[in-house]
Amino acid sequence: MSSARIVVVGTGYVGLTTGACLASLGHRVTCVDVDEAKVARLSAGRVDILEPGLAELVGRGLAARRLSFVVGAREAVATADAVFLCVPTPMGAGGSADLRAVEAVTDEIRDTVPSGCALVTKSTVPVGTARRIRALLGRADVPVVSNPEFLREGTAVADFLGPDRIVVGSDDEAAARRVADLYEQLSAPVVVTDAASAELVKYAANCFLAMKLSYVNAVAELCERLGADIEAVTEGMGHDRRIGRSFLKPGPGWGGSCLPKDTAAMVRFAEAAGYDFTMLTAAISENLAQRERVLAKIAGAVGGNLSGARVGVLGLAFKAGTDDLRDSPALAVASALFAHGAEVTAYDPAVGGELPGMIVVDDPYQVAKGADVVVLLTEWNEFRRLDWAYMAELMVGDTVVDTRNLLDPHTVLDAGLIWQGIGRPHAR
Ligand code: NAD
């Protein structure tokens with residue numbers, strides 16, 4: 001399909017990236033949202049989220065009239081060849097994915113979606129959702145296709161245009177192939193399968209990554225107890241191509257807008273299928289334990305009691321390169337510090353404004369001022385380049401807890417401070 005008419009519903013990280021990138025591939029794209037103010041800003045070329053290259057692509061799409069933004073899907077879909085659902089599927093009751101937005105859009109377009117148009121789920125949806133949408137839609141002439149998205153926040157455009165793979169699944173194979181053809185300019189392996197398998201690929205991949213991180217955090221804990229160094233251990237592991245080097249870094253626990261909700265949802269739909277996914281529940285418990293261990297480490301650095309301690313926090317976003325705070329482990333640790341009675345001052349290069357339980361400052365040195373301990377929680381590269389001697393001068397205490405193993409311990413040590421990482425010997 002060289003130039004298709006596409007409607008993208010939801011203009012968040014996934015929807016806006018999908019819309020702008022598909023327009024850049026030559027398709028005519030209408031992006032829909034329920035948020036009128038957002039639609040107005042986007043129509044004026046204003047992109048609120050931090051994603052390299054996205055504002056430029058939106059600007060180019062608007063200028064070429066290949067991209068437009070509207071409120072409401074009902075009319076927008078009337079002439080579409082494909083409708084992509086990119087609406088939220090947050091954690092709902094008991095951990096299951098909340099499909100209300102997906103169902104609301106399906107309901108909204110039921111009478112207006114044209115015959116033969118593919119209804120594509122790009123949102124992460126549990127296995128069986130394609131079937132559920134088909135039943136709700138009640139339109140045998142509208143194929144439902146699962147096309148999970150694997151982009152990462154912070155590199156969304158590059159990931160979308162250079163994906164490791166494209167997965168499309170439908171019980172109507174011809175429809176799945178038509179959706180795959182929309183990406184024909186991208187040179188990526190394409191997996192065409194049935195709807196249930198495509199839906200499962202996304203959870204199987206995300207949950208694997210979460211388990212990998214929990215595993216590394218557990219090995220890091222063992223390193224601390226046994227006197228080994230996680231940096232050496234993971235380097236030694238990562239050269240093994242069966243393991244790979246990515247997702248092998250310990251941290252304050254995994255989080256973000258996807259892994260916590262996707263792991264919880266997979267546990268739930270496994271349970272509904274009669275399978276107790278203990279490996280995954282263990283990874284989730286390990287993640288909570290990691291957060292507690294980080295808190296204990298910070299408490300240890302201030303003599304064991306966080307109450308009244310002044311803690312300087314570097315980093316709030318769930319990872320470097322994004323301004324997304326959803327389910328951020330950094331934010332969770334900062335909030336827990338406050339809950340334990342600490343006075344928290346925090347800095348993040350991409351996060352401003354007010355947050356409950358902490359003072360957010362716009363200068364990293366302000367977090368060190370009067371701090372009993374400084375805690376690094378997000379792996380922003382700019383933290384490496386801080387003047388640590390100046391940080392030491394501003395601090396009252398003498399310890400830096402580096403939960404990302406980001407800093408060079410010797411730099412911190414040379415500044416007269418103690419460096420504590422995760423799974424590594426302390427530098428003092
Ligand atoms: P988001 O919260 O950033 O954006 C969702 C958008 O949908 C918002 O603009 C919201 O106003 C809009 N919306 C909500 N209900 C709507 C409705 N009924 N009609 C029209 N618009 C509506 O969400 P996101 O991070 O882009 O995630 C969307 C989906 O993609 C989720 O299922 C998520 O799991 C999946 N996903 C996310 C990522 C990621 O890194 N963020 C990666 C892969 C997959």
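Quick caveat: nothing in here was measured; it's all calculated off a predicted structure.

The rules behind these values
Residues numbered from 1 in each chain as written. Predicted model: local features only at pLDDT ≥ 70, side-chain atom pairs only at ≥ 80, totals over all residues. Helix = DSSP H or I, 4+ residues; strand = E, 2+ residues; numbered from the N terminus. Rg over C-alpha atoms; globule rule 2.2 N^0.38 Å. Buried ≥ 20, exposed ≤ 12 C-beta atoms within 10 Å, placed from the backbone. Contact = placed C-beta atoms within 7 Å. UniProt positions renumbered as here; feature names shortened; annotations may be inferred. Domains from an automatic or database assignment. Nonpolar A, V, L, I, M, F, W, Y, C, P; charged D, E, K, R; others polar. Core = buried A, V, L, I, M, F, W, Y, C linked by C-beta atoms within 7 Å. Pairing = 2+ DSSP bridges. Axes fitted to C-alpha atoms, helices over the stretch in contact; angles between N-to-C directions. Expected span 1.5 Å × (residues − 1).

Looking only at helices and strands, one finds 16 helices and 14 strands in the chain. Computed over the C-alpha atoms, the radius of gyration of the chain is 23 Å, within 12% of the 22 Å expected from 2.2 N^0.38 for a compact globule of 428 residues. Seen through its principal axes, the chain has C-alpha atoms that stretch 70 × 50 × 40 Å. When the 428 residues of the chain are sorted by exposure, 48% land in the buried category. Taking the contacts inside the chain whose residues are at least 6 apart along the sequence as the reference set, 69% of them involve residues at least 24 apart.

With that settled, consider the UniProt feature "active site" (unreviewed entry) in the chain. The UniProt record marks C258 with the feature "active site" (unreviewed entry), using the residue numbering of this structure. Relative to the helices and strands, C258 is located in the loop between α10 (230–238) and α11 (259–272). Accessibility expressed as a C-beta count within 10 Å gives 23 for C258, which makes it buried. With residues near it in sequence (within four places) discarded, C258 still touches T124 and N206.

Below, the discussion takes up the domain arrangement of the chain. In terms of domain boundaries, the chain breaks down into domain 1 (5–193) and domain 2 (194–428). On a C-alpha basis, the centres of domain 1 and domain 2 stand 32 Å from each other. Every contact between the two is made by 28 residues of domain 1 and, on the other side, 25 residues of domain 2. Among the elements of the structure, α6 (129–137), β6 (144–146) and β7 (166–169) are those that each provide at least two residues to the side of domain 1 that touches domain 2. Class assignment for the residues of the side of domain 1 that touches domain 2 results in 14 nonpolar, twelve polar and two charged.

Right, let's get into the UniProt feature "binding site: NAD(+)" (unreviewed entry) in the chain. Here the UniProt feature "binding site: NAD(+)" (unreviewed entry) sits at D33, K38, T89, T124, E153, K261 and R326. A maximum C-alpha distance of 24.9 Å is found for the annotated residues, which run over 294 residues; spatially they are spread out rather than grouped. The class for T124 is buried, based on 23 C-beta atoms found within 10 Å. Inspection of the secondary structure assignment puts E153 in the loop between β6 and α7 (156–161). Excluding its chain neighbours within four sequence positions, the residues that come into contact with E153 are Y13, T322 and D324.

Moving on to the environment of I422. Position of I422 relative to the elements: it lies in the segment after β14 (418–420). In this structure I422 comes out as buried when scored by C-beta crowding, with 25 C-beta atoms within 10 Å. Distance from I422 to P114, taken between C-alpha atoms, is 55 Å for residues 308 residues apart in sequence. Residues in contact with I422, not counting those within four places in the same chain, are A220, I230, P250, G251, T403 and N405.

Let's shift gears to the nonpolar core. One recurring pattern in soluble globular proteins: nonpolar side chains tend to sit buried together. Residues V7, V9, A82 and V83 are the most contacted members of the largest nonpolar core, which totals 81 residues. For this core, the leading source of residues is helix α9 (residues 195–226), giving eleven residues. Counting contributing residues, this core receives three or more from each of domain 1 (5–193) and domain 2 (194–428). With 45 residues, the next largest nonpolar core counts L316, L337, V351 and M391 among its residues.

Okay, the sheet that holds strand β10 (residues 343–347) next. Strand pairing in a sheet relies on backbone hydrogen bonds, with the paired strands running either antiparallel or parallel. Pairing is parallel in the open sheet, where six strands are placed in the order β11-β10-β9-β12-β13-β14. Of all the strands in the sheet, just β11 (359–361) and β14 have a single pairing partner and so form its edges. When strand polarity is set aside, the average angle formed by the axes of neighbouring strands in this sheet is 20°. Of the strand pairs in this sheet, strand β12 (residues 373–376) and strand β13 (residues 399–402) are connected by four bridges, and their pairing is parallel. Bridged to L376 within β13 is D402.

The terminal C-alpha atoms of α9, which comprises 32 residues, lie 47 Å apart, in line with the 46 Å expected from a rise of 1.5 Å per residue. Backbone geometry just after α9 places G227 at a positive phi near 80°.

On to the pairing of strand β9 (residues 310–314), then. Taking burial as the measure, the five residues of β9 include four buried ones, the bulk of the element. In terms of strand pairing, β9 meets β10 through five bridges, oriented parallel. Considered in β10, the bridge of R310 is made with E343.

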